[in-house]
Amino acid sequence: MIISKTMNKNDRNKYYSHVRPEMSEFVLKDAKKILDIGCGEGQFSMQFRDRAETWGVEMNPDIAKEAQKHLFKVFAGDISSNLNNLPNNYFDCIVFNDVLEHMTDPYSLLKEIKSKLSPTGVIVCSIPNIRHISIIKKYLIKGQWKYEDFGIMDRTHFRFFTYKSIIEMFTDSGYDMLKIKGINASSWWKSLPINILTLGFFWDTRYIQFACMAKPK
């Protein structure tokens, strides 16, 4: 994970310690070897360590040390520089929880990391939705395109995605999308007027993120 230097201490701690229960259902129950990219303190993958060998990669070296207390093996640094440290044809599930948008070239990474998946392995990820109603209101109504310390407009995001572009990214990178679902939905009333006027065209604006599961073709 990457965070802004301007973020206060409490927000920094929360950033690295998310459990992300809404993503747990996407991790296959029979996965025996799990790799968590941007694992933070390891809170998410800790849920599976009783039934799986849990690995992590974390950019922040201090946070990586904390994650090592909870996971089987953790590498500090970015995933690209650690690819050679990871075994080939090994992981049943590779997780990117709000990570791909921080990368300058997530397409190349998705292609390269295929070699680390087991024959039945899958990629699981959550990705912020730039078409969320809050962003539409700020951009179209208020004329704002303002970066923030965290969230959809995190100032460390290099890429922005919609429901369609997430599917396109995986398809173009040689994957089949097995499942994609909106998560962390805002209240219906926030996006209801625009959906009534457009006959549901903006159905996706309710979701802060999309979670998905994809498998190499």
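Within each chain, residue numbers correspond to sequence positions counted from 1 in written order. Under the rules for a predicted model, residues below a pLDDT of 70 receive no local features and side-chain atom pairs below 80 are neither given nor counted, while totals for whole chains, interfaces and linings still include all residues. Note that the side-chain values use all heavy atoms of the structure and ignore hydrogens as well as water.

K.L.:
Quick rundown of the overall build of the protein? Include the residues and the values.
P.N.:
Secondary structure summary: the protein contains seven helices and seven strands in total. To qualify as a helix, a DSSP run of H or I must reach at least 4 residues; to qualify as a strand, a run of E must reach at least 2; elements of each kind are numbered from the N terminus. The order of helices and strands in the protein, counted from the N terminus, is α-β-β-α-β-α-β-α-β-α-α-β-α-β. The buried share among the 217 residues of the protein stands at 49%. Two residues form a contact once any of their heavy atoms are found within 4.5 Å. For the protein, the proportion of contacts with a sequence separation of at least 24, taken over those separated by at least 6, is 67%. Residue burial considers only the protein chains on display, and all accessible areas are found by Shrake-Rupley using a 1.4 Å probe. Accessible area for the protein stands at about 11,000 Å²; split by element, carbon and sulfur atoms hold 54% of it. We call a residue buried when its accessible area falls under 20% of the maximum for its residue type, exposed when it is over 50%, and partly exposed in between, using a 1.4 Å probe and counting protein chains only.

K.L.:
Describe in detail the sheet that holds strand β4 (residues 91–97), supporting the description with residues and values.
P.N.:
A sheet is described by the order of its strands in space; here seven strands give the open sequence β3-β2-β1-β4-β5-β7-β6, paired in mixed fashion. Strands at the two margins of the open sheet, each flanked by one partner only, are β3 (73–76) and β6 (175–185). Pairwise comparison of adjacent strand axes, ignoring direction, gives a mean angle of 15° for this sheet. Pairing of strand β1 (residues 33–37) with strand β2 (residues 53–58), which is carried by five bridges, proceeds in the parallel orientation. By the bridge assignment, Leu35 is partnered in β2 with Trp55. In the packing of helix α2 (residues 61–68) onto the sheet, contacts are made with β2 and β3, and the angle to β3 comes to roughly 175°. Against the sheet, helix α6 (residues 163–172) makes contact with β5 (117–128), β6 and β7 (207–216), and its axis sits at roughly 155° relative to β6, the strand it touches most. For two strands to count as paired, DSSP must find a minimum of two bridges between them. Fitted lines through C-alpha atoms give the axes, limited to the stretch in contact for helices. The angle between two N-to-C directions lies from 0 to 180 degrees.

K.L.:
Tell me about the pairing of β3, and please be specific about residues and values.
P.N.:
Regular strands place their side chains on alternate faces of the sheet. Relative to β3, β2 is paired through four bridges, and the arrangement is parallel. Of the residues in β3, the one forming a bridge with Glu58 is Ala76. For the segment spanning β2, α2 and β3, crossover handedness is right-handed. Think of it like this: strands point away, you trace from the first strand over the helix to the second, and a clockwise trace means the crossover is right-handed.

K.L.:
Go over a nonpolar patch on the surface, please, and point to the residues and values.
P.N.:
Think of a patch as exposed residues, more than 30% relative accessible area, with no salt bridge, where like charges cluster within 9 Å and nonpolar side chains (Val, Leu, Ile, Met, Phe, Trp, Tyr) cluster within 5 Å. Note on definitions: salt bridges are taken to be side-chain nitrogens of Lys or Arg within 4 Å of carboxyl oxygens of Asp or Glu. Taken together, the side chains of Tyr139, Leu140, Ile141, Trp145 and Tyr147 define a hydrophobic patch exposed on the protein surface, amounting to about 590 Å² of accessible area. Following the sequence through the fold, Leu140 ends up in helix α5 (residues 133–141).

K.L.:
For the state of the cysteines, give the residues involved together with the corresponding values.
P.N.:
By definition, disulfides here are pairs of cysteine sulfur atoms that lie within 2.5 Å. This model, assessed by the stated rule, comprises zero disulfides. Lacking any disulfide linkage, Cys212 is separated from the closest cysteine sulfur, that of Cys125, by 3.1 Å.

K.L.:
Please provide a residue-by-residue account of α2, values included.
P.N.:
When α2 is considered as a whole, its buried residues turn out to be Ile63, Ala64 and Ala67. Down the axis of α2, the sector holding all buried residues measures 105°, keeping them to one side. Residues of α2 that are exposed and angled more than 90 degrees away from the buried face: Asp62 and Lys65. Identification of polar contacts relies on pairs of N or O atoms within 3.5 Å, with a donor-acceptor requirement for protein atoms, meaning one able to donate a hydrogen and the other able to accept it, and with residues adjacent in sequence counted only if both atoms are side-chain atoms. Its side-chain oxygen placed 3.0 Å from the backbone nitrogen of Asp62, Asn60 serves as the N-cap of α2. The arc under discussion is defined with respect to the helix axis, by the directions toward the C-beta atoms.

K.L.:
How would you explain the packing of aromatic side chains if you had to name every residue and give the values?
P.N.:
Each aromatic pair joins two rings of Phe, Tyr and Trp (for Trp, the six-membered one) with centres within 6.5 Å, and gets the label stacked for planes under 30 degrees apart, edge-to-face for over 60, and tilted for any other angle. On inspection of all chains with the given rule, the structure shows 15 aromatic pairs. Seen from their ring centres, Trp55 and Phe75 are 6.2 Å apart, and the 40° between their planes marks the pair as tilted. With Trp55 in strand β2 and Phe75 in strand β3, this pair connects stretches of sequence that are 20 residues apart. Phe75 shares its class with Trp55; the two are buried. Ring centres of Trp55 and Phe91 lie 5.3 Å apart, and the angle between their planes is 85°; this geometry places the pair in the edge-to-face category. A residue pair is termed long-range when its members are at least 10 positions apart, and Trp55 in strand β2 and Phe91 in strand β4 qualify at 36 residues.

K.L.:
Go over the pattern of salt bridges with me, naming the residues and quoting the values.
P.N.:
Side chains that differ in sign of charge can pair as their charged atoms come close. For the structure shown, the criterion picks out eight salt bridges. Of the charged contacts, one joins Glu25 and Lys179 as a salt bridge, the two residues approaching to 3.2 Å between their closest N and O atoms. Here the residue Glu25 occupies a position in the loop between α1 (9–16) and β1, and Lys179 occupies one in strand β6, the gap between them amounting to 154 residues. Judged by relative accessible area, which is 33%, Lys179 ranks as partly exposed. The salt bridge involving Lys138 is made with Glu148; its shortest N-O contact spans 3.0 Å. Of this pair, Lys138 sits in helix α5 while Glu148 sits in the loop between α5 and α6, and the two are ten residues apart along the sequence. A residue is classified by how much of its surface remains accessible, and Lys138, at 29% relative accessible area, is partly exposed. Salt bridges sharing partners connect three or more residues here, namely Arg20, Glu22 and Asp98.

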